[in-house]
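# Structural description and commentary
Chain residues, written in single-letter form:
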Amino acid sequence: MSQQAAPQRGGTVWALVITSVAGFMAALDNLVVTTALPSIREDLGGHLEDLEWTVSAYTLTFAVLLMFGAALGDRFGRRKLFGVGLSIFTAASAAAALAPGINELIAARAIQGVGSAIMMPLTLTLLTAAVPAAKRGMAFGIWGAVNGLAVASGPLIGGALTEHVSWQWIFWLNVPLGLALLPLARMRLSESYGTGAPLDFTGTLLASGGLFGIVYALIRGNIDGWTSAPVLTGLIAGAVLLAGFVRHGIRAKNPMLPMRLFRSRAFSAINAASLFMFVGMFGSIFLLSQFLQGVLHYSPTEAGLRMLPWTGMPMIVAPIAGYLSDRVGGRSIVTVGLALQAVGLGWFALVLSPDVSYAAQLPALIISGIGMALYFAPAAALVMASVRPSEQGIASGANNALREVGGALGVALMASVFSSQGGYESPRAFVDGLEPALWVGAGVVALGAVAAGLHPRRGSAGGGASVASAEERVPVSV
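So, a few notes on the structure that sits alongside this text. All figures in this text were calculated on a predicted structure; none of them were measured in a lab.

On to the overall build of the chain, then. In terms of regular secondary structure, the chain is built from 19 helices and 0 strands. Taking 23 Å as the expected radius of gyration for a compact globule of 478 residues, we find that the chain reaches 21 Å, a close match to that expectation. Dimensions of the chain, computed from C-alpha atoms along their principal axes, come out at roughly 60 × 45 × 45 Å. Among the 478 residues that make up the chain, the fraction classed as buried is 61%. Once local pairs closer than 6 in sequence are excluded, the contacts in the chain between residues at least 24 apart make up 85%. Of the side chains in the chain, 27 bear a positive and 22 a negative charge, and the two mean positions are spaced by 19 Å.

Written out as structure tokens, the structure is:
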């Protein structure tokens, strides 16, 4: 039987602070490594595929274990498992800082992803349990702004620490934050539970194996050849395992991701939009941070600063977007945001050259930043409003998983396009690869805008709306 903690006035602020800082740490480690990649490659060695795994080892384990992490929290206690995930993440951050080689760094990043997978989906469910329904839109807006701050400061913090201290400090930074949050979470967060359903080990293995196979194939495709046995095996086996995961979600009694949720157009639309958004955004940031340093010869700090008009915009716009979602609904805000993000990436591709000025890049960065900021908070509110309270852990895990899947796929897909058309040999070669990759990213994000536009108006209420089951909120037919 589901047990939900009633919102407690005294605990609302603490819940917002603790979950926002934890979300900041997890989101920061998605992007903090990007501006450090050239220094990591110089210090530890490695090729493009190693740099991809430095990013994707985190996002992939994060993605494939998110729903399992949410299920663990629902069954054994969200506060308790939040502490477990935070402990794993903090310890793995220290291991990444101490890594003596690229393989050890990739392994530590994978363990970081495990910790984040347990911790991150529980931030929204713990916050939802602590905040009164009428104020959730604003709370989600603040939570989204802090996550936006992580996106904004990731390249800048990574660049500044890499340039002025060492790249290892991008990981040491998590250790004091994690150690401070652990006792606060135990003392200030209320315990809550979900459905208490049995853990879905079969679904976890199917999703993990399927996604790993596809990402592995995308990363190795241009290296080993798209018709090579390892790449074809990854693609085929990954597709078969993911098909098995879908079938399992339809037929199993207690799957970690019930496929019936996708009969709701609201749930399907916002999750498709999230997947496409992160494919385009992560892949673009992965390549553009290297472009700014390797082609335009900015220092890591200078590169991080110059990305702020894009990555920093959520700090300003996300709370406003969360407020507006309570008033006019999140559907139109998310749709406009993704459309602007697609326009920004396309604009960047149009002005790209080995000696492009920063002034020419600036409009694309600003448009992309506003678009990304308009997406974050309303998307979170739409996800949490599309399911019943006892399934919010599942919904949060599914949405965060699809975002991280999008990030891993985006890095693999756009790096594959980049390496097939260009490379690191010269500034011209880099631009030759980056331009088509950005067009791919723009196209994928545009698909996300289309998906968001399919979200039903009736299901687009913000966080203040009463939460019902997916079947009760929207028509079953798509």
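Resuming the write-up.
Our next topic: the pattern of salt bridges. All chains considered together, the criterion is met by 2 salt bridges. Asp29 is paired through a salt bridge with Arg109; the nearest N and O atoms lie 3.6 Å apart. A residue pair is termed long-range when its members are at least 10 positions apart, and Asp29 in helix H1 (residues 9-31) and Arg109 in helix H5 (residues 102-130) qualify at 80 residues. Taken as a pair, Asp29 and Arg109 share a single burial class, namely buried. Where Arg428 meets Asp432, a salt bridge forms, and the shortest distance between an N and an O atom there is 3.2 Å.

Thresholds applied
Residues numbered from 1 in each chain as written. Predicted model: local features only at pLDDT ≥ 70, side-chain atom pairs only at ≥ 80, totals over all residues. Heavy atoms only, no water. Helix = DSSP H or I, 4+ residues; strand = E, 2+ residues; numbered from the N terminus. Rg over C-alpha atoms; globule rule 2.2 N^0.38 Å. Buried < 20%, exposed > 50% of the residue type's maximum accessible area, 1.4 Å probe, protein only. Contact = heavy atoms within 4.5 Å. Lys, Arg positive; Asp, Glu negative; His and termini not counted. Charge placed at Lys NZ, Arg CZ, Asp CG, Glu CD. Salt bridge = Lys/Arg side-chain N within 4 Å of Asp/Glu carboxyl O.

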